[in-house]
Amino acid sequence: MIRAIYPATFDPITMGHVDIATRAAGLFDELIVGVYDRPLKNLLFSPEERYQMTRDVLAGIPNVRVERYAGLTVEFARQQNATVIVRGLRAVSDFEWELQLALTNRNLNPDVDTVCLMASQKYLFLSSSVVKEVAFAGGDVSDMVPEIVLKPLLEKIRALGGDGGGKVRTISVRD
Ligand code: ADP
């Protein structure tokens, strides 16, 4: 039986994440999706919100379980009795970072290996950051995130003063 973890920040979960989780669930007996608390990064959603959205979005996949975690990813893997860390690889830019992460994690725990799945072509340029940028500027992100995420995302963006309804404002700068 091979149990894998798919750790990420999921701020918020996108169609790209869903694609990786779905494909990994088909490859491994059990997939535990780990929502990382990540205190160092400036995030839009709280850990609890990210956990709940991710759990709701992936609820239909029977061999997937969603957990929250803090601390080392290899420790989370050990705690869950998982031997594989799943990550997604998009453009070339992801490679260097994922290689660093994989090698570091392997040094920390040689019993856990990293498996990278290539991004699907239609999600190659999709990231949580892109989703937030587009939503903040009032663009349509309904193809980029699961339906469950759309409402809380737009509420959050509005609360922050974003989403100009897609209108462009020219901002003049005086010396
Ligand atoms: P982190 O901040 O931990 O990198 P992310 O949520 O940004 O968390 O991404 C987690 C993992 O999911 C990474 O391995 C990333 O490459 C992968 N990923 C994110 N978006 C996509 C996508 N559109 N297609 C494939 N993999 C993706």
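Residues numbered from 1 in each chain as written. Predicted model: local features only at pLDDT ≥ 70, side-chain atom pairs only at ≥ 80, totals over all residues. Heavy atoms only, no water.

**What about the overall build of the chain?**
So, step 1. If you tally the helices and strands in the chain, you get six helices and five strands.
So, step 2. Listing each helix as α and each strand as β along the chain from the N terminus yields β-α-β-α-β-α-β-α-β-α-α.
So, step 3. The C-alpha atoms of the chain give a radius of gyration of 17 Å, which matches the 16 Å a tight globule of 175 residues would have.
So, step 4. Counting only C-alpha atoms and orienting by the principal axes, one finds that the chain spans roughly 60 × 40 × 30 Å.
So, step 5. With 175 residues in all, the chain has 42% of them scored as buried.
So, step 6. Counting only contacts in the chain whose residues sit at least 6 apart along the sequence, the fraction spanning at least 24 positions is 77%.
So, step 7. With the model as given, the accessible surface of the chain reaches about 10,300 Å², and the carbon-plus-sulfur share is 53%.
So, step 8. Of the side-chain charges in the chain, 20 are positive and 22 negative, and the distance between the mean point of each set is 3 Å. (Helix = DSSP H or I, 4+ residues; strand = E, 2+ residues; numbered from the N terminus. Rg over C-alpha atoms; globule rule 2.2 N^0.38 Å. Buried < 20%, exposed > 50% of the residue type's maximum accessible area, 1.4 Å probe, protein only. Contact = heavy atoms within 4.5 Å. Areas by Shrake-Rupley, 256 points an atom, 1.4 Å probe, with all protein chains shown as cover. Lys, Arg positive; Asp, Glu negative; His and termini not counted. Charge placed at Lys NZ, Arg CZ, Asp CG, Glu CD.)

**Regarding the site of the ligand**
So, step 1. Looking at the ligand, there are 17 residues lining it, with Tyr6, His17, Lys41, Gly88 and Tyr123 nearest.
So, step 2. Within the side chain of Asp94, a nitrogen or oxygen atom sits 3.5 Å from an oxygen atom of the ligand.
So, step 3. Within the backbone of Leu126, one N or O atom sits 2.9 Å away from a nitrogen atom of the ligand.
So, step 4. Calculation on the ligand without its partners gives an accessible area of 560 Å², and the protein chains cover 91% of this total.
So, step 5. Listing elements by their share of the shell around the ligand, those giving two or more residues are β1 (3-8), α1 (15-27), β4 (84-89) and α4 (92-108).
So, step 6. Examining the composition of the shell around the ligand, we find that three residues originate from one element, α1, more than from any other.
So, step 7. A class-by-class count of the residues in the shell around the ligand yields seven nonpolar, four polar and six charged. (Near = heavy atom within 4 Å. Polar contact = N/O pair within 3.5 Å; in protein donor to acceptor, adjacent residues only side chain to side chain. Nonpolar A, V, L, I, M, F, W, Y, C, P; charged D, E, K, R; others polar.)

**Remarks on the environment of Ala24**
So, step 1. Among the structural elements, Ala24 can be located in helix α1.
So, step 2. Sequence separation between Ala24 and Cys116 is 92 residues; the distance between their C-alpha atoms is 9.7 Å.
So, step 3. Each residue touching Ala24, except ones within four places of it in the same chain, is listed here: Leu31, Val86 and Leu117.

**Observations concerning the nonpolar core**
So, step 1. By size, the foremost hydrophobic cluster in this structure holds 36 residues, and its most contacted members are Tyr6, Leu31, Val33, Leu58, Val64, Val86 and Leu153.
So, step 2. When contributions to this core are tallied by element, the ones reaching two or more residues are β1, α1, β2 (30-36), α2 (47-57), β3 (64-69), β4, α5 (128-136) and α6 (147-159).
So, step 3. Per element, the largest residue contribution to this core is five residues, and it comes from α1.
So, step 4. Residues contacting Val33, with those up to four places away along its chain left out, are Tyr6, Phe10, Thr54, Leu58, Val64, Arg65, Val66 and Glu67.
So, step 5. Grouped together as the second largest cluster of nonpolar side chains are nine residues, Ile32, Ala82, Ile85 and Val112 included. (Core = buried A, V, L, I, M, F, W, Y, C linked by side-chain atoms within 4.5 Å.)

**Quick word on the pairing of β1**
Along a regular strand, successive side chains alternate from one face of the sheet to the other.
So, step 1. By the criterion of burial, β1 is predominantly enclosed, with six of the six residues buried.
So, step 2. Of the two faces of β1, the one holding Arg3, Ile5 and Pro7 and the one holding Ala4, Tyr6 and Ala8 are both buried throughout.
So, step 3. Two strands pair when backbone bridges link them, and β1 and β2 are joined in this way by six bridges, in the parallel orientation. Paired with Pro7 across the bridge in β2 is Gly34. (Pairing = 2+ DSSP bridges.)

**Let's talk about the pattern of salt bridges**
So, step 1. In this structure the tally under the stated criterion is 13 salt bridges.
So, step 2. With a shortest N-O distance of 2.8 Å, Glu48 and Arg68 are connected by a salt bridge. With Glu48 in helix α2 and Arg68 in strand β3, the pair connects residues that are 20 residues apart, well separated along the chain.
So, step 3. Salt bridges here are not isolated pairs; linked through shared partners, they connect Asp37, Glu48 and Arg68. (Salt bridge = Lys/Arg side-chain N within 4 Å of Asp/Glu carboxyl O.)

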